[in-house]
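# Residue-level structural notes
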There are 4 protein chains.
Amino acid sequence: MCGFIGLISRDSNVAYDLYVSLSTLQHRGQDGTGILTFDGNEFYVHKGIGLVSEFYNEQNLSELKGRIGIGHVRYPTIGSDPKKDVQPFITYNPFGIGICHNGNLVNYNQLKQILLKKHNRRMRSNNDVEVILGLFASELQKVCKEDTCSENEVFEALKNAMQQINGGYSCVSVVADKGLLAFRDQNAIRPLVFGEKIVDGKVVAYGFASESVALDTLGFRIIKDLEPGEAILVDENMQYYSKVVVRGQKRACMFEWVYFARPDSVIENKGVYEVRLNLGNELAEIWKKKGIKADVVIPVPETSKTAAVSFAQAVGLPYREGLIKNRYVGRTFIMPHQKKREFGVRIKLNPVVREIKGKRVILIDDSIVRGTTSRKIVDMVRNAGATEVHFVVTCPPIKYPCFYAIDFANKTELIAGEKTIEEIRKEIGADSLTYQEIERLKHAIGVGNNLCMACLTGEYVTDVSEEQKKLLGDTRDKERSEWKEAKAAV
Amino acid sequence: MCGFIGLISRDSNVAYDLYVSLSTLQHRGQDGTGILTFDGNEFYVHKGIGLVSEFYNEQNLSELKGRIGIGHVRYPTIGSDPKKDVQPFITYNPFGIGICHNGNLVNYNQLKQILLKKHNRRMRSNNDVEVILGLFASELQKVCKEDTCSENEVFEALKNAMQQINGGYSCVSVVADKGLLAFRDQNAIRPLVFGEKIVDGKVVAYGFASESVALDTLGFRIIKDLEPGEAILVDENMQYYSKVVVRGQKRACMFEWVYFARPDSVIENKGVYEVRLNLGNELAEIWKKKGIKADVVIPVPETSKTAAVSFAQAVGLPYREGLIKNRYVGRTFIMPHQKKREFGVRIKLNPVVREIKGKRVILIDDSIVRGTTSRKIVDMVRNAGATEVHFVVTCPPIKYPCFYAIDFANKTELIAGEKTIEEIRKEIGADSLTYQEIERLKHAIGVGNNLCMACLTGEYVTDVSEEQKKLLGDTRDKERSEWKEAKAAV
Amino acid sequence: MCGFIGLISRDSNVAYDLYVSLSTLQHRGQDGTGILTFDGNEFYVHKGIGLVSEFYNEQNLSELKGRIGIGHVRYPTIGSDPKKDVQPFITYNPFGIGICHNGNLVNYNQLKQILLKKHNRRMRSNNDVEVILGLFASELQKVCKEDTCSENEVFEALKNAMQQINGGYSCVSVVADKGLLAFRDQNAIRPLVFGEKIVDGKVVAYGFASESVALDTLGFRIIKDLEPGEAILVDENMQYYSKVVVRGQKRACMFEWVYFARPDSVIENKGVYEVRLNLGNELAEIWKKKGIKADVVIPVPETSKTAAVSFAQAVGLPYREGLIKNRYVGRTFIMPHQKKREFGVRIKLNPVVREIKGKRVILIDDSIVRGTTSRKIVDMVRNAGATEVHFVVTCPPIKYPCFYAIDFANKTELIAGEKTIEEIRKEIGADSLTYQEIERLKHAIGVGNNLCMACLTGEYVTDVSEEQKKLLGDTRDKERSEWKEAKAAV
Amino acid sequence: MCGFIGLISRDSNVAYDLYVSLSTLQHRGQDGTGILTFDGNEFYVHKGIGLVSEFYNEQNLSELKGRIGIGHVRYPTIGSDPKKDVQPFITYNPFGIGICHNGNLVNYNQLKQILLKKHNRRMRSNNDVEVILGLFASELQKVCKEDTCSENEVFEALKNAMQQINGGYSCVSVVADKGLLAFRDQNAIRPLVFGEKIVDGKVVAYGFASESVALDTLGFRIIKDLEPGEAILVDENMQYYSKVVVRGQKRACMFEWVYFARPDSVIENKGVYEVRLNLGNELAEIWKKKGIKADVVIPVPETSKTAAVSFAQAVGLPYREGLIKNRYVGRTFIMPHQKKREFGVRIKLNPVVREIKGKRVILIDDSIVRGTTSRKIVDMVRNAGATEVHFVVTCPPIKYPCFYAIDFANKTELIAGEKTIEEIRKEIGADSLTYQEIERLKHAIGVGNNLCMACLTGEYVTDVSEEQKKLLGDTRDKERSEWKEAKAAV
């Protein structure tokens with residue numbers, strides 16, 4: 001996942017606004033955070049481990065001078081070194097370029113070799129974004145002979161860099177003496193919105209962000225989602241220039257609406273909350289055909305609550321928050337292995353027994369990855385006295401690995417990659433199991449075929465050879481995260 | 001507020017269980033936390049500032065040896081020194097007694113003087129519980145001539161101490177070489193439950209907690225809520241002794257159900273989630289009489305969500321979570337004054353514009369204290385495009401200060417203490433304002449007259465003279481907390 | 001070892017003066033430090049691990065309010081818990097008493113049992129001083145019936161306590177509402193000086209300290225060393241009262257002059273620097289009789305430098321600092337075992353080869369404990385090219401354990417406890433070995449028989465049965481410190 | 001000042017050896033420290049504020065992998081940002097180059113502009129070494145077309161870079177895939193030694209260091225001091241290549257022997273301890289001519305002790321360490337302004353009154369900069385009872401600013417820059433004042449005219465125009481340090 005924000009202000013320092021805005025993207029990553037600013041002369045960076053509210057303080061925010069800057073929240077990934085890999089990254093040659101991103105590269109290892117052998121650039125981290133930065137910087141150095149360069153030269157260098165990159169990525173960057181630059185891969189897989197703040201009829205700031213909510217909070221108006229392969233450069237005089245530097249078909253990640261994004265965000269002009277209500281209504285249609293009787297609709301917190309509300313209304317059953325999540329058992333909650341087994345999912349979820357006992361319960365969840373957590377939840381609901389437990393999932397079966405965002409784990413670890421729905425039902429111990437359908441998912445989102453659904457269909461947007469898939473599985477283990485764990489921790 | 005847990009286990013160290021359990025009570029206090037254990041020989045204590053998940057680690061938990069212990073989470077109070085006042089407290093004379101509590105004393109200052117002048121005991125903190133500990137220790141020293149003492153002597157000493165104390169309080173205590181002791185004031189104002197863990201038909205542990213959820217999570221069965229003035233001592237051989245040491249009428253704080261407690265807790269045998277559904281239904285009755293038309297029901301997060309669900313169902317309108325809370329803007333989120341004014345409530349709440357625009361919105365909140373936050377929320381909803389905003393409150397008007405839990409601020413700061421409902425409506429800028437009614441509140445809770453509703457009625461459970469009220473207002477300022485702020489931060 | 005200071009000022013806060021003063025006693029203990037103050041109402045304490053300059057900062061010093069206070073530096077001891085055992089200690093009953101000490105109790109374990117069984121006082125630490133505090137507090141509680149007590153009652157209580165204590169100890173204590181109290185064991189084994197600060201002819205402050213230098217630095221005048229068994233109480237009106245509460249013969253620890261104390265301190269009216277010059281002169285007398293020829297006198301840093309200067313002058317040889325100590329390899333310098341072996345003593349000492357090569361070297365050291373370090377130093381000097389190495393020791397052979405200060409390790413670990421001088425010479429690899437003589441040591445110090453020399457002679461000042469010696473060896477292992485290591489680290 | 005070490009080992013990781021070695025250079029800088037290693041693939045860096053023994057721990061040392069690395073200790077400079085300016089510095093383009101240095105550049109500002117405008121390299125710090133690194137990296141990029149480069153290309157690039165640099169500097173650098181590189185300015189102003197470690201007749205490691213003691217401690221043999229303008233590259237196969245890349249006359253800083261270096265170091269084949277003995281003997285010659293009578297010779301600690309020993313012997317007076325330094329009042333010792341004035345120099349120095357009282361005292365110090373500290377010391381010695389105080393200085397009057405090491409402050413702040421010796425004597429309150437003579441200084445060191453004595457004579461080794469002097473005075477204020485303060489803190 002990961003989330004970022006970039007701001008350029010006509011008159012004010014941007015550090016505090018970046019900080020506030022980052023806190024609204026915290027659900028996209030709790031592992032680390034960083035802010036980089038530029039004051040026309042020097043770069044200032046503070047980045048490290050922890051939540052936005054933990055890491056920043058008056059001291060380090062006051063040191064982040066300048067009216068142009070970028071900020072990042074990092075998703076926890078296993079095996080990577082959080083101290084080395086936390087963003088933004090910076091190079092001081094040429095000019096000084098700071099950058100952060102959201103996404104994943106398919107040909108990361110090849111690009112790293114090219115940078116070392118062809119451009120003499122050694123990477124200091126294992127982070128995709130450093131490779132993007134290295135390519136962009138090397139191309140910029142080639143294109144710009146003078147000690148500064150024009151907008152067209154920036155776009156030219158970016159084009160040369162992006163043509164070599166295979167993956168899904170959105171980036172925001174500070175280019176010293178040029179301005180704030182954002183760009184999105186040629187399929188627009190990962191989200192990126194552009195907005196402006198208007199005071200007394202005048203634009204006082206421009207911003208880019210992973211989600212619209214990050215700009216909303218600052219009182220911005222959303223101008224647009226960037227097009228596939230589009231780059232926008234806002235210069236230091238608050239002029240902006242846009243160019244589609246590489247062309248491609250829009251293929252927005254469907255999982256942003258289903259799970260990643262905050263409900264109050266709007267992606268590709270589709271409100272996330274609204275899409276989730278639609279998902280619930282679509283599921284209700286499927287459910288009604290099954291003719292199963294039930295007493296209560298209970299969401300598995302947090303994401304599926306919205307769909308559960310519309311589902312309950314549509315099937316005419318009461319909506320009850322019968323599973324209470326312990327919000328304080330998060331990222332930093334330690335637990336010895338033996339205790340983990342003893343307490344299990346109970347540490348994070350507690351049933352409201354009086355809403356469950358003696359009832360036929362419909363549980364709504366947003367997805368099933370390995371199935372182990374689902375099993376524990378079904379058991380817990382039965383132990384709380386449910387007479388029947390029906391499991392309903394707002395997303396269709398996830399059968400294939402993702403190469404453009406966070407890995408869902410190997411195909412062999414995806415329960416739906418190997419098993420039939422009936423087999424999954426048995427494994428999670430539910431009385432019935434109802435999945436969303438792919439066409440209904442598309443209908444609920446409402447952007448037609450402009451979706452990446454590779455994890456559902458196996459049809460990858462960019463070239464991913466079988467070999468590469470295996471290679472990735474082996475060598476990028478450290479990039480793979482226990483996303484379900486992390487999700488529970490949000 | 002504050003929350004605590006006490007455990008005695010037949011065979012196992014209790015530190016990890018206290019830690020897990022405390023995390024379920026974190027909503028009762030995020031300022032500080034502490035755990036104290038006793039291993040038959042020595043006391044071990046770790047306490048400090050921060051969340052449970054932040055403060056504890058493998059190192060300090062492993063140092064907390066012993067199969068008997070208590071833990072506490074502390075509510076932030078302005079002016080007190082969190083480093084000095086964080087619980088548990090301990091005295092090494094006589095025997096060694098560790099203690100923590102939830103509540104407030106009316107005659108704190110007098111008792112502090114008595115301890116210094118009569119018992120030569122100097123207090124090291126400004127914490128109520130140290131006074132309770134000092135009195136209990138002094139009386140125990142008097143009662144027990146030998147180097148140990150009987151159950152009856154413990155109850156006798158406790159009686160002598162409790163007879164001097166005026167206030168609402170629940171306590172749990174480790175008495176070295178005796179066992180785990182819990183006691184509750186003579187009106188049972190503050191909650192306290194007793195439970196046991198049974199494995200293979202045998203009791204392996206007993207526990208006390210502020211809320212049932214703390215014991216649920218550990219797999220305990222709730223035995224009972226303690227009676228007014230009751231003390232229970234579980235000795236080191238797992239025998240327990242109960243005695244009502246001071247007598248009084250039960251007057252449980254109604255605000256536990258309305259706001260304080262977690263929805264999955266059960267207090268005085270009444271489920272909190274259920275009571276909140278009832279509160280929504282009761283409000284719907286009032287609302288329906290008003291004949292106002294509306295389009296959507298939106299809760300002000302978090303507590304009022306449950307009542308909003310039942311209210312929406314009862315009035316036949318859709319329930320929508322149209323205000324999204326930023327969970328990451330909490331306790332430690334810094335913000336310069338100017339930025340606070342600039343961003344306002346927007347930092348913490350963001351509207352889902354598409355669910356609000358062009359609609360007549362019913363907002364459900366649990367209470368109005370000063371009114372300033374309510375005003376900002378109404379404004380925000382209007383700015384998001386609501387054509388009408390109707391404000392509905394699950395709790396009746398709070399008109400009087402509380403002396404038994406957290407101060408709501410002075411009477412002059414309570415908007416309902418000074419103004420009529422129509423004046424309040426104008427001040428918060430709503431199109432209509434609907435409060436819960438006192439009789440309906442009682443009906444929703446369902447424990448008859450066994451309630452403390454002093455903050456609604458001004459009828460105090462214990463002796464609180466006018467002079468004392470003023471005195472408290474002056475000298476205990478530091479104990480008064482911006483509870484509404486803190487609540488928003490949860 | 002350990003060091004302490006106590007101050008009472010007419011008008012000013014004492015925290016900063018305690019802090020400055022403690023830094024001059026840092027050589028007596030680098031493990032931890034603490035300051036306690038009392039402002040007439042509350043006690044303030046900050047204590048923890050680390051050097052004085054590391055642990056204190058503007059924040060914690062400013063919180064230590066009050067014109068009366070005590071401070072401590074702690075010597076590192078193996079096995080004890082530095083977090084629990086760091087001084088000062090405090091009890092809040094009766095009155096509030098803070099205390100710190102320097103010394104060791106022979107009957108610690110018995111006293112701990114008496115306190116628990118007879119006085120119901122449980123100890124929270126394994127520190128001697130808590131036992132002294134517990135006894136004094138219990139006796140004070142018995143003696144003073146009222147909420148305060150007279151000077152005579154304080155002395156009476158102290159007498160009752162001290163009569164039960166067997167050991168060598170000096171203490172300084174704050175008694176709330178009474179003043180600053182210092183007392184010394186009946187043989188005055190451990191040092192304790194009393195001083196005053198005079199401004200414009202008026203006493204503005206009184207102070208007590210382990211060494212005179214601590215008071216010198218603050219501009220105080222030394223009044224006297226406390227007598228055996230003497231207690232002095234300075235009350236809050238700056239009146240002072242003195243009384244010998246238990247009687248005994250003065251037996252000051254000879255090792256204070258030889259090694260412990262700073263050269264600029266004066267103990268029992270004998271300057272430490274002067275005594276060390278005398279030690280060098282006495283040794284020269286012995287040396288001259290041996291008729292050995294040599295070229296240069298080199299001290300083993302740090303303590304023996306003074307004696308080496310006078311020795312060199314007396315024997316007519318040049319004094320050269322041919323071994324340079326790395327002052328930065330101290331307490332916190334980590335080193336894996338394998339590297340320790342590889343580098344050996346070289347990490348801490350480096351030879352000035354040009355002052356050693358081709359020369360007959362006389363090395364002066366203050367003592368030999370186990371002999372292993374001496375062996376390494378002799379080897380290093382030979383490797384640097386010395387043709388002969390003669391080892392001269394300013395202290396006579398240490399043959400017996402000490403029960404009044406720091407343990408020198410078991411008798412079996414003391415090389416002089418088991419071996420002849422010739423055997424020791426062989427073991428450390430020197431060409432000759434010359435020890436100080438006991439009578440010459442007495443002569444050099446110049447206080448006649450008022451010395452404790454138990455570690456040289458085995459004649460203990462207080463009752464130490466053979467059984468006790470064994471018992472101590474076994475159960476107080478944690479109190480035994482690698483003093484030679486620690487010394488090297490200073 | 002600053003100090004560094006560079007190591008390349010045939011087989012072993014170098015981190016621990018760098019760490020041990022750095023501790024022996026700690027006297028050259030206590031502000032910050034850093035170690036950088038390279039394992040053939042990745043760079044590892046840990047750098048930060050604090051002493052070597054404070055900053056490193058098992059964790060960060062174990063992360064510093066690789067058999068080639070460099071380490072640095074940083075001298076405190078006022079106004080610079082220790083977090084930004086702490087060394088080593090690194091660039092990842094080309095190849096990856098890590099570097100650290102000791103020295104000062106005269107044309108720093110011009111070079112910074114050239115790098116930005118001509119090479120598009122933006123500096124991230126205000127540190128000289130980053131400019132050296134930037135020039136070297138830019139030239140290397142130009143010279144080496146391939147993805148690696150030959151020894152000659154490295155020397156060629158270095159030559160191009162060094163020809164642009166005006167100043168005094170010694171550097172050690174890791175060049176990825178090439179090896180360990182050291183180089184010294186064309187006048188060899190700042191020290192730099194080269195050594196090897198031989199085990200069983202085979203070279204197992206090579207090393208470079210600011211002082212020989214850093215290599216001694218590791219058991220190395222010194223091969224040589226680098227020549228003016230010489231560069232030595234040890235490649236990964238342990239072959240070494242040497243070349244004088246820029247030519248010039250040797251002008252070693254005389255202050256290294258007088259004050260900077262450790263007594264056990266050897267610089268330009270002259271032992272520091274020996275030179276200081278010579279300085280004392282030379283001073284004795286001057287003193288004897290004056291015919292003043294005195295009783296005792298007392299050094300002002302620490303550096304002047306060696307000269308005081310030989311001086312005392314030569315004039316036939318006893319040597320006494322009559323001023324005891326508090327070694328624990330260092331870098332981190334806080335003190336409010338008012339207390340500083342109250343305690344003055346007394347916090348850091350304490351007189352041994354019995355060695356001073358009634359005596360005619362000769363004080364030996366290594367230099368007088370502003371004169372304020374000297375005044376305080378003279379006063380203190382008089383207050384301790386000295387009947388006369390004679391001040392003798394081992395270094396001739398410092399009259400001019402230094403541009404090659406640490407600034408001594410502006411010329412107007414140097415007391416000898418403005419005043420006659422008689423005026424200085426009056427200002428410091430001594431009965432007589434005796435300075436070293438320049439010719440005697442040269443004689444004592446014994447390297448002929450190969451000395452930089454610009455601070456004594458005003459004859460600068462490199463081109464320093466009057467304008468530049470003023471410019472430096474203005475814009476590099478932050479680089480100027482209270483060196484005398486810092487010295488006292490060592």
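The residue numbers shown here count from 1 along each chain, following its written sequence. Both sets of labels track the order of writing: A upward for chains, 1 upward for ligands. Given that the model is predicted, a residue must reach a pLDDT of at least 70 before its local features are reported, and side-chain atom pairs must reach 80 or more before they are shown or counted; all residues, however, enter totals for whole chains, interfaces and linings. Working from all heavy atoms in the structure, the side-chain values ignore hydrogens and water.

Side-chain positions along a regular strand alternate between the two faces of the sheet. Residues and elements named next belong to chain B. Within strand β21 (residues 388-393), 5 of the 6 residues are buried, which leaves it mostly tucked inside the rest of the structure. At least two DSSP bridges between two strands are needed for those strands to be called paired. In this text, helices come from DSSP runs of H or I with a minimum length of four residues, and strands from runs of E with a minimum of two, each type numbered from the N-terminal end. Alignment of strand β20 (residues 360-365) against β21, held across 6 bridges, turns out to be parallel. Following the sheet pairing, V361 is matched in β21 by V389. Crossover handedness is defined by viewing with both strands directed away from the observer: a clockwise path from the first strand over the helix to the second marks the crossover as right-handed. In this region the chain leaves β20, passes through helix α14 (residues 372-383) and returns to the parallel neighbour β21; the handedness of that crossover is right-handed. Pairing geometry for β21 and strand β22 (residues 432-435), over 4 bridges, is parallel. Its bridge partner lying in β22, F391 is registered against L433. Accessibility here uses a 1.4 Å probe with only protein chains present; expressed as a share of the type maximum, an area under 20% marks a residue as buried, one over 50% as exposed, and anything in between as partly exposed.

Residues and elements named next belong to chain D. Reading across the sheet, the 6 strands line up as β5-β6-β7-β8-β12-β13 and stay open at both edges, with antiparallel pairing between neighbours. Of all strands in the sheet, those bounded by a partner on one side alone are β5 (89-91) and β13 (240-244). Averaged over neighbouring strand pairs, the angle between their axes works out to 15 degrees when direction is ignored. Relative to β13, strand β12 (residues 230-235) is paired through 5 bridges, and the arrangement is antiparallel. Among the inter-strand pairings, A231 is bridged to a residue of β13, identified as K243. Strands in contact with helix α7 (residues 151-162) are β7 (167-175), β8 (179-184), β12 and β13; relative to β8, the strand with the most contacts, it is inclined by about 35 degrees. Only the stretch in contact is used when fitting a helix axis, every axis being a line fitted to C-alpha atoms; angles between N-to-C directions are given from 0 to 180 degrees. Residues are treated as being in contact if the distance between any of their heavy atoms lies within 4.5 Å.

In this section: the UniProt feature "binding site: [4Fe-4S] cluster" (unreviewed entry) in chain A. All names here are of chain A. UniProt positions are given in the numbering used here, feature names are shortened, and annotations may be inferred rather than shown by experiment. UniProt records the feature "binding site: [4Fe-4S] cluster" (unreviewed entry) for C253, C402, C452 and C455 in the present numbering. In terms of the greatest pairwise C-alpha distance, the residues named above, spread along 203 residues, form a tight cluster of at most 10.2 Å across. Mapping C402 onto the fold places it in the loop between β21 (388-393) and α15 (415-418). Relative to the elements of secondary structure, C452 occurs in strand β23 (residues 451-452). Beyond its immediate chain neighbours, meaning those up to four positions away, C452 contacts R251, A252, C253, M254, Y404 and V461.

Once that is clear, we can look at the sheet that holds β20 of chain B. Residue and element names in this part refer to chain B. Strand order in the open sheet formed by 4 strands is β17-β20-β21-β22, with parallel pairing between adjacent strands. Whereas interior strands pair on both sides, the edge strands pair on one side only; in this sheet they are β17 (296-299) and β22. Across the sheet, the mean angle from the axis of one strand to that of its neighbour is 25 degrees, orientation sign disregarded. Sheet topology note: the β17/β20 ladder contains 4 bridges and is parallel. Looking at the pairing, V297 lines up with I362 of β20. With respect to the sheet, helix α10 (residues 272-290) is in contact with β20, β21 and β22, its orientation differing from that of β22 by roughly 145 degrees. Those strands touched by helix α11 (residues 305-315) are β17, β20 and β21, and its axis lies near 170 degrees from that of β17.

A word on the domain arrangement of chain A. All names here are of chain A. When its domains are assigned, chain A resolves into domain 1 (3-251) and domain 2 (270-458). On a C-alpha basis, the centroid separation for the pair domain 1 and domain 2 is 34 Å. Across the boundary between the two partners, domain 1 contributes 17 residues, which contact 10 residues of domain 2. Once two parts are put together, the accessible area they lose, assessed with a 1.4 Å probe and summed over both, is termed the buried area. Across the domain 1 to domain 2 interface the summed buried area is about 1000 Å²; carbon plus sulfur atoms make up 56%. Put simply, a salt bridge is a Lys or Arg side-chain nitrogen that is within 4 Å of an Asp or Glu carboxyl oxygen. Here domain 1 is connected to domain 2 by 0 salt bridges. For the purposes of these results, a polar contact is taken to be a pair of N or O atoms within 3.5 Å, where, inside protein, one atom must be able to donate a hydrogen and its partner to accept one; residues adjacent in sequence count only when each atom of the pair is a side-chain atom. Taken together, the connections running from domain 1 to domain 2 amount to 4 residue pairs in polar contact (both at pLDDT 80 or more). Listing elements by their share of the side of domain 1 that touches domain 2, those giving two or more residues are β6 (97-105) and β7 (167-175). Delimitation of the domains relies on an automatic or database domain assignment.

Here we come to the relation of the copies chain B and chain A. Screw-axis analysis of chain B against chain A gives a translation of 0.0 Å along the axis, an RMSD of 0.0 Å, and a rotation angle of 180 degrees. The operation mapping one copy onto its partner corresponds to a two-fold rotation axis. Only residues with pLDDT of at least 70 in both copies contribute their C-alpha atoms to the least-squares superposition of the copies.

What follows is about the confidence of the model for chain A. Residues and elements named next belong to chain A. Looking at chain A, pLDDT values average 91 and 92% of them are 70 or higher. Confidence of the prediction at every residue is given by pLDDT, a number between 0 and 100. Ignoring residues within four places in sequence, the model shows residues 471-490, a span with pLDDT below 50, making 64 contacts including any to other chains. Across the predicted assembly, pTM comes out at 0.90 and ipTM at 0.92.

Turning to unusual backbone geometry, a few remarks are in order. Residue and element names in this part refer to chain A. Cis peptide bonds are those with omega within 30 degrees of zero, and the linkage from Q87 to P88 qualifies with 0 degrees. Along the chain, P88 falls in the loop between α4 (82-85) and β5 (89-91). We note that A188 has phi near 50 degrees; this positive angle belongs to a residue other than glycine. Relative to the helices and strands, A188 is located in the loop between β8 (179-184) and β9 (193-199).

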